[in-house]
Amino acid sequence: MTPLAQNPPPPTVVMVDVYAPTMRLARAFAAAGCAVVRVRSTPEIPAVYAGHADPAAEALFADTVVHSGDVELTAKAVAAHEPVAVVTGGELGVELADRLSETLGLTSNGTQRSAARRDKYLQIEAVRAAGLPTARQLLVTDADGLADWHRELGTRVVVKPVRSAGNDGVTFCDTPAESVAAYRAVAGARNIFSLPNEAVVAQEYLTGTEYVVNTVSRDGRHRATDVWRYTKISANGVRDRISGAVLVAPTAPERDTLVRYAAEVLDALDVRHGPAHHEIMLTADGPRLVEVGVRLCGADTAAQALLALGESQVERTVQAYLDPAGFLATVDTPQQVRQHVAMAFLTSPVTGILRGYPLLEQVRELESLHEIQVGVHPGERLPLTVDDTTEPMMVVLAHARAEVVERDLATVGWLDGHGFYDVEPAAPAGAA
């Protein structure tokens, strides 16, 4: 009697530090028929993610491996699952994913440039060494040296931790005294991942328009999946707060320049595989790298890219690891806009217990409204918006005509302000 054939087990993909911002990628691997194993690079979940835990998502993972600092031990635990790929799930996991994938002999960017993919100072130095134009910068070791460097530079300076994400700890400084104060504040703080800042970098403030270029790579071939232009405001004591992102159409004249520069940055950092998220300033002298994260873009941007262009980093990353031939066959396929899309990141000028959004109905009436993602609901504490983690709401706009999206984005900016938020009045001084 012939034994019944058994179906082979599903392929296993390991994701390092997959939390809420990149859970969409984990779901996509699962939908492609993979078992997904999660690796945590830290024993404790960083506070920035702990509050966004999704109990339903826990069932997605076949196993969770917690890294205690011993790479050999973690690699052994991961190898037991016989994975076909180890993928970075978030910024914090870049270096561990590099080490595990290299140790296990899987598709890997390797560890030679791994530190430069995380350390913002080393990153710019590597890009400069490759012959690309960059901002001037200083690895800060003492306050006096920073003050002298700022004085000699004679222009605005950006001070930030070398390892973080978003705009955590980023301070714009007009004077040497401001730079020194920012350095002392950053050096003595913990970053967005609940880890102490190990170093501080000061960089020349770049003047121009900032763009996002999201890419996916396989075998050193790079695909730009989506490009966005940031809109910015100054509010709540924060200069250049990102208030929105507008799709850059494939036919836009600046897109090719940005995409070519992003590919050169990837080559400089030996990024041959997987997703990357570039922030690039297009100055009067050409593109300059702000920073690049060798992982998926956050803010649910992949969903908006899919809406706009029919592809995103998520689907392309799954394809790059599971079907490399298919990825490479279409890596240069031209894109067409299905809908013009913009994201508005609202900025609360007040804080307190939120009672409601009095003007929200006017947002719902906008011609191009596609989706409203509420971060703070009535009854919850509304923080003053000072960074990416304190945004009360994201509004997604989509329309066949770019001018309608631009108009409605400006309308959201006009509505957003003191009248948009109804909060409980502050208790009198001395009240219980």
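Fair warning: this is a prediction, and the values are worked out from it, not measured in the lab.

A.B. asks: What is the right way to look at the side chain of Glu 210 in this model?
C.D. replies: Of note, Glu 210 is situated in strand β9 (residues 209–218). The exposure class assigned to Glu 210 is buried, which follows from its relative accessible area of 7%. Within polar-contact distance, the side chain of Glu 210 engages the side chain of Lys 232 at 2.4 Å. Not counting the four nearest positions on each side in its chain, Glu 210 is found in contact with Trp 228, Arg 229, Tyr 230, Lys 232, Glu 279, Ile 280, Met 281 and Val 290.

A.B. asks: Before we go on, may I ask you to explain the sheet that holds strand β11 (residues 238–247) in this structure?
C.D. replies: Within a sheet, each strand pairs with its neighbour through backbone hydrogen bonds, oriented either parallel or antiparallel. Pairing within the open sheet is antiparallel, and its eight strands lie in the order β13-β12-β9-β10-β11-β14-β18-β16. The strands lining the two open edges of the sheet, one partner per strand, are β13 (286–293) and β16 (369–374). Direction aside, the axes of adjacent strands within the sheet are offset by 25° on average. Pairing analysis gives three bridges linking β11 to strand β14 (residues 340–345), with the strands arranged antiparallel. Paired with Ala 245 across the bridge in β14 is Met 343.

A.B. asks: Please clarify how the side chain of Glu 291 should be interpreted in this entry.
C.D. replies: Here Glu 291 is to be found in strand β13. Only 3.1 Å separates the side chain of Glu 291 from the side chain of Lys 160, close enough to count as a polar contact.

The rules behind each value
Residues numbered from 1 in each chain as written. Predicted model: local features only at pLDDT ≥ 70, side-chain atom pairs only at ≥ 80, totals over all residues. Heavy atoms only, no water. Helix = DSSP H or I, 4+ residues; strand = E, 2+ residues; numbered from the N terminus. Buried < 20%, exposed > 50% of the residue type's maximum accessible area, 1.4 Å probe, protein only. Polar contact = N/O pair within 3.5 Å; in protein donor to acceptor, adjacent residues only side chain to side chain. Contact = heavy atoms within 4.5 Å. Pairing = 2+ DSSP bridges. Axes fitted to C-alpha atoms, helices over the stretch in contact; angles between N-to-C directions.

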